[in-house]
Amino acid sequence: MQDATRSTPDRTAIVDLIDRHRPGWSLEQAFYLDPAIFELERELWFPRQWTVVAHASEVPEKGRYIVRQLFDEEIIVVRFGDGEEDVAAYYNVCTHRGSRLCVKDGRGRLLVCPYHAWSYRLTGELQSRQDVPDNVDPEALGLHRVPTRCVGGLVLCGLDEASLPSVLPLVDALDSGLRDMGINRARIAARKSYPTRANWKLVVENFSECYHCRPAHPEYFRSNSYVKVVSMRDEAKAAEWQEELDAWHSVIGDTEFNKGAWEPGGLDKVQFAMYRKPIGRGRDTLSDDGRSVSCLMGGRSVYDGGETGFRLGRLSFVSAANDYVTLFQMIPRSATETDVILTWLVDQNAAPDINTDAITWMWDVTTVQDKKITEDNAAGIASKAYRPGPYTELEPQPSFFVQTYLAEMRSMITGERTDAPVWQFPAKGYSSACSVVQAAEAV
């Protein structure tokens, strides 16, 4: 639940910080540390963001509900009917006197507050009406609804209906791709949380570039061929990657090779992406030895050696190999705290005794390493010696993210439309990872 004490942001001072930002350089210290800026993000930026909060299998039948985090708010996600889209979300607040309504996941015909036993229908209306004062309309005491949309087996939510951009472009672009990977017919194999002592923007910046992959992620580096062109400037490696890409293209065909989508997003547009790329020669999946770790997903009959990546908004990502899927959720909690949650999915008919250690290996070891380097980054930024530094040619996406974030914040603070940067794919092969992964997220 929210902290009752809030820092009051000085909007003029924040606009001054934005205006003195040097394009192509990292943010001023305050954007990574100041609670007042986080409070302004809570007020202005977060309500405009759609983000993944759950997988549909977590509410498999009518009456099943779960308690989840949406930014720094707690919500209840509940299935109220038998249809695929019959999922709703509510703030976890009783409308009687504000008690926390649900303390854990559960199942029931009604949602019942443990304080005074006021109950609510699964569709949000107040059920208990006998004690409502005569001069109060019980219809006005329904639960506070959270905007919700299901897409390809994932549940997306946003904080404020009036502030959110339409989610339909994302649904139209990604739904079939998510289904192709079997995400709508999956079950959860494992879930892990990585509380990270760092601002959410540092977490996002780290996740969107692979310049750090060679020194920080030896396991990821040896398992994924594309890092040859996103972690170093090497013309020979770029040519080697192009050869591998061409060879993979000849095997999977044009339809699979060209499958993709890219919307950089903005104040009035939700960001999304879909891309495909080969994992590496001789590798079927993202495992330690490259061999299968579960049954094939999405109706596939053979392994094609590829990974499909998805971005759903600014804070949710999906990595889908042929036999398992990893869902990434980044949840801002305070100016210096971010929850990173990974959920691993397998086909709903996968063997109950599958080796979850083999399934989680790649992204668990990588995320543990990311937690360490991001926290070290945050600790250094807290020093009085910190000054913004330049992004390199191998860090185009964090640079674009920072410029976009600042333009959007300035527009929302001042009410003046600020021109957002236009995404320019790097010209050189070794920094763009070639056309098939131009929209790819790194780690």
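Let me sum up the structure you'll find in this document. Owing to the predicted nature of the structure, the values given are computational and were not obtained by experimental measurement. (Residues numbered from 1 in each chain as written. Predicted model: local features only at pLDDT ≥ 70, side-chain atom pairs only at ≥ 80, totals over all residues. Heavy atoms only, no water.)

## Overview of the state of the cysteines
The full count for this structure, using the stated rule, is one disulfide. The disulfide bridge from C210 ends at C213, spanning 1.9 Å between sulfur atoms. Judged by the sign of its S-S torsion, about -105 degrees, the cystine formed by C210 and C213 is left-handed. Since its relative accessible area comes to 0%, C213 is described here as buried. No disulfide involves C150; its sulfur sits 8.5 Å from that of C157, the nearest cysteine. The exposure class of C150 is buried, given its relative accessible area of 8%. Residue class for C157 comes out buried when judged on its relative accessible area of 0%. (Disulfide = S-S within 2.5 Å. Buried < 20%, exposed > 50% of the residue type's maximum accessible area, 1.4 Å probe, protein only.)

## A word on the pattern of salt bridges
Going through the model one piece at a time under the given rule, you end up with 38 salt bridges. Of the charged contacts in the structure, one is a salt bridge between R64 and E61, with a shortest N-O distance of 2.6 Å. Taking relative accessible area as the criterion, R64 reaches 29% and is therefore assigned partly exposed. For the salt bridge of R179 with D175, the shortest nitrogen-to-oxygen distance reads 2.8 Å. With R179 and D175 both in helix α4 (residues 168-180) and four residues apart, this pair spans about one turn of that helix. Each member of the salt-bridge network shares a partner with another, and the members are D180, E256, K259, R276, R300 and D304. (Salt bridge = Lys/Arg side-chain N within 4 Å of Asp/Glu carboxyl O. Helix = DSSP H or I, 4+ residues; strand = E, 2+ residues; numbered from the N terminus.)

## Observations concerning helix α3 (residues 35-45)
Where burial is concerned, most of α3 is hidden: nine out of the eleven residues are buried. Of the residues making up α3, those classed as buried are A36, I37, F38, E39, L40, E41, R42, L44 and W45. Lining the buried residues of α3 we find α1 (11-19), α2 (30-33), β3 (73-79), α5 (200-207), β16 (325-334) and α11 (396-414). The distance from a side-chain oxygen at the start of α3 to the backbone nitrogen of A36 is 2.9 Å, and the residue carrying that oxygen is D34. (Contact = heavy atoms within 4.5 Å. Polar contact = N/O pair within 3.5 Å; in protein donor to acceptor, adjacent residues only side chain to side chain.)

## Points about the sheet that holds strand β11 (residues 186-196)
Sheet architecture is open: seven strands sit in the order β11-β17-β16-β15-β14-β13-β12, paired in antiparallel fashion. The sheet is open, and its two borders are formed by β11 and β12 (261-263), each paired with just one other strand. The sheet shows a mean angle of 20 degrees between the axes of neighbouring strands, direction not considered. Both strand β13 (residues 272-278) and strand β14 (residues 306-312) contribute to a ladder of seven bridges, which runs antiparallel. Directly across from M274, in β14, lies its bridge partner F310. Taken strand by strand, α4 contacts β12, β13 and β14, and its axis lies near 30 degrees from that of β13. (Pairing = 2+ DSSP bridges. Axes fitted to C-alpha atoms, helices over the stretch in contact; angles between N-to-C directions.)

## A few points about the nonpolar core
Counting residues in each nonpolar core, the largest one holds 84 residues, and the members touching the most others are F31, W200, Y324, W363 and Y405. The residues contacting F31, other than those within four sequence positions of it, are I14, L17, I18, I37, N199, K201, Y405 and L406. Grouped together as the second largest cluster of nonpolar side chains are 26 residues, V151, L164, L170 and A320 included. (Core = buried A, V, L, I, M, F, W, Y, C linked by side-chain atoms within 4.5 Å.)

## Quick look at the packing of aromatic side chains
Applying the stated rule across the entire model yields 16 aromatic pairs. Judged by centre distance (5.4 Å) and plane angle (50 degrees), the ring pair of Y220 and W363 falls under tilted. Of this pair, Y220 sits in helix α7 (residues 218-223) while W363 sits in helix α10 (residues 356-381), and the two are 143 residues apart along the sequence. Judged on exposure class, the residue Y220 and its partner W363 are both buried. Counting every residue linked through ring pairs, the aromatic cluster contains F31, F38, W45, F46, F71, W200, F401 and Y405. (Phe/Tyr/Trp six-rings, centres within 6.5 Å; stacked < 30°, edge-to-face > 60°.)

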